[in-house]
Amino acid sequence: MASFRVKGGNRLKGSIVPQGAKNEALQIISAVLLTSEPVHIHKIPNIRDVIKLIDLLADLGVQIEKTDEESYRFTAKDVNLKFLDTEDFKEKASSLRGSIMILGPLLARYGTGKMPRPGGDKIGRRRLDTHFVGFQKLGAQFDYDAKNSFYTVSGKLKGTYMHLDEASVTGTANIIMAAVLAEGLTTIYNAACEPYIQQLCNMLVRMGARIEGIGSNLLKIEGVESLGGTDHTMLPDMIEIGSFIGLAAMTRSEITIKDARIDMLGIIPDTFRRLGIKLEFRGDDIYVPAQEHYEIESFIDGSILTIADAIWPGFTPDLLSIVLVTATQAKGTVLIHQKMFESRLFFVDKLIDMGAQIILCDPHRATVIGLDRAFDLKGISMTSPDIRAGVSLLIAALSADGTSTIHNVEQIDRGYQFIDKRLKALGADIERF
Ligand SMILES: CC(=O)N[C@H]1[C@@H](OP(=O)(O)OP(=O)(O)OC[C@H]2O[C@@H](n3ccc(=O)[nH]c3=O)[C@H](O)[C@@H]2O)O[C@H](CO)[C@@H](O)[C@@H]1O
Ligand SMILES: C=C(OP(=O)(O)O)C(=O)O
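Predicted, not measured: the structure shown is a model, and the values here were computed from it.

Student: Provide a residue-level description of the site of ligand 1, including the pertinent values.
Tutor: Taken together, 19 residues sit near ligand 1, with Asn 23, Ser 168, Val 169, Thr 170 and Met 340 positioned nearest. Taken together, the elements giving at least two residues each to the shell around ligand 1 come down to helix 1 (22-31) and helix 6 (169-179). Here the shell around ligand 1 takes three residues from helix 6, the largest share from any one element. Split by residue class, the shell around ligand 1 holds seven nonpolar, seven polar and five charged. Of the domains in this structure, domain 1 (3-19 + 236-432) and domain 2 (22-233) are the two that each give at least three residues to the shell around ligand 1.

Here is the structure:
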């Protein structure tokens, strides 16, 4: 188990380039299984979950060539489906959430797909019903071996109308990837439409898929016989961008986030602005000036601001922990409402130990009463429970008085590329041990 030793209090300064988006990469890399032709993908983040997925594809027989630091060419000509029956597959596929998205492509192209219960953050119940109900609606047979938590889907797919019970991100991606090769028209209503999904759809269209409604919650997909190769470049990771905004505000730092694709950030910049954080758009860069104080807005009627997660184009749940930690040094009060996940707010105990004023109202809601720098948080020893809580604790530690130790930073490495090295380059005092 790796750890970070963080000496807080340094002001950071400089420019940082966001990595390619983690959750987009997991979809896009899965989609290479849909074609026998080469798919050349750029801006692939060098993070644990993505490396694990690439390894899984290599085990399945996909030819993989690293063409530069952040680019790989994938050719899924001869896929070895026997690997799906091995213990090795079960172990590897169950170690990340994103692996679930190889199911749709395998089912569509080979008529069969298997998967153990996938891994990912332990942040509450994470059901997969949307994925499997969608596959079944497309005509697939579904079997669940409850004893071994093993899912199997098989059959020839036929387009249909479906209204998803929830706008699941990975569920929508999986169903889209199945439908592009199904016979006839598939209509997906209540589809997720995150930038990750838009990017996936745009890539599939370049591969020859016929998809209408990209960016909306109503997708119409006319199945085609086969798909060809393409080139694809990942968007900058919007969750990293939000994390850097929070980090800059908490540590009174002046940071420029380069090439942020501001047009794809939705409500994220305005949500940080509601905490009182000043942001300037300079071309496609986001400049965050050093800020001694920032004041949380109230609603127009004077009531306390609530920041809640919602499906896109609402505010992503993956940034709520970062908003929460950032609010601890703001002036004012905010209610953080994590609607989607049940166990994502428990990390606030550690912030409370550091001196933050937070009331955990219930598993979904926490009220943060900002300290307005009346005093610094103090460094403590803590363990990173999940990827975004981990980064929030890192931000708290970097702003704190004294030294903190954060254990289990593999959680952070799942989604933030070389984070210690990149923050050190901005002046952070952080050691991995
Ligand atoms: C690998 C990957 O891409 N992971 C992301 C993906 O996970 P993932 O695709 O697993 O998440 P889902 O979108 O399926 O669901 C997330 C949670 O929200 C709930 N839910 C979802 C939709 C809805 O309309 N109502 C509702 O309550 C689900 O029951 C679940 O508890 O999307 C999540 C939601 O943005 C992100 O936190 C994860 O980082
Ligand atoms: C919850 C997340 O990831 P995963 O779905 O891979 O667990 C996340 O990226 O914040």
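Student: Kindly report on the UniProt feature "domain: Enolpyruvate transferase" (unreviewed entry) in the protein chain, identifying the contributing residues and their values.
Tutor: Following the UniProt record, the feature "domain: Enolpyruvate transferase" (unreviewed entry) maps to residues 6-418 here. Between the end C-alpha atoms of residues 6-418 there is a gap of 15 Å, over a span that is 29% helix and 23% strand.

Student: Tell me about the pairing of strand 22 (residues 403-407), residues and numbers included.
Tutor: Of the two faces of strand 22, only one is covered, namely that formed by Ser 404 and Ile 406; the face formed by Thr 403, Thr 405 and His 407 stays uncovered. Alignment of strand 1 (residues 3-7) against strand 22, held across five bridges, turns out to be antiparallel. Bridging from a neighbouring strand, Arg 5 pairs with Thr 405 of strand 22. Pairing of strand 21 (residues 381-383) with strand 22 involves three bridges; the strand directions are parallel. Opposite Thr 383, over in strand 22, you have His 407 as the bridge partner. Handedness of the crossover joining strand 21 and strand 22 through helix 12 (residues 387-399) is recorded here as right-handed.

Student: Can you explain the site of ligand 2? Please cite residues and give values.
Tutor: As a matter of local geometry, ligand 2 sits amid Lys 22, Asn 23, Asp 49, Arg 97, Gly 98, Gly 120, Asp 121, Asp 318, Ile 387, Arg 388 and Gly 415. Elements that contribute at least two residues to the shell around ligand 2 include exactly helix 1 and helix 12. Of the residues assigned to the shell around ligand 2, the class counts are one nonpolar, four polar and six charged. Shared between two domains, the shell around ligand 2 takes at least three residues from each, and those domains are domain 1 (3-19 + 236-432) and domain 2 (22-233).

Student: Go over the domain arrangement of the protein chain with me, naming the residues and quoting the values.
Tutor: What the domain assignment reports for the protein chain is domain 1 (3-19 + 236-432) and domain 2 (22-233). Computed over C-alpha atoms, the centres of domain 1 and domain 2 are 31 Å apart. Counting residues at the interface gives 19 residues for domain 1, matched by 16 residues for domain 2. Tallied by class, residues from the side of domain 1 that touches domain 2 come to eight nonpolar, four polar and seven charged.

Student: Give a description of the sheet that holds strand 15 (residues 280-282) that names residues and reports values.
Tutor: Across the sheet, four strands lie side by side as 2-14-16-15; this open sheet has mixed pairing. In this open sheet, the two edge strands, each paired with only one partner strand, are strand 2 (13-16) and strand 15. Put simply, the sheet's adjacent strands are angled 20° from each other on average, direction ignored. Pairing between strand 14 (residues 254-257) and strand 16 (residues 285-288): three bridges, direction antiparallel. Residue pairing across strands places Ile 255 opposite Val 288, the latter belonging to strand 16.

Calculation notes
- Residues numbered from 1 in each chain as written.
- Chains lettered and ligands numbered in written order.
- Predicted model: local features only at pLDDT ≥ 70, side-chain atom pairs only at ≥ 80, totals over all residues.
- Near = placed C-beta within 6 Å.
- Helix = DSSP H or I, 4+ residues; strand = E, 2+ residues; numbered from the N terminus.
- Nonpolar A, V, L, I, M, F, W, Y, C, P; charged D, E, K, R; others polar.
- Domains from an automatic or database assignment.
- UniProt positions renumbered as here; feature names shortened; annotations may be inferred.
- Buried ≥ 20, exposed ≤ 12 C-beta atoms within 10 Å, placed from the backbone.
- Pairing = 2+ DSSP bridges.
- Right-handed = clockwise from strand over helix to strand, strands pointing away.
- Contact = placed C-beta atoms within 7 Å.
- Axes fitted to C-alpha atoms, helices over the stretch in contact; angles between N-to-C directions.

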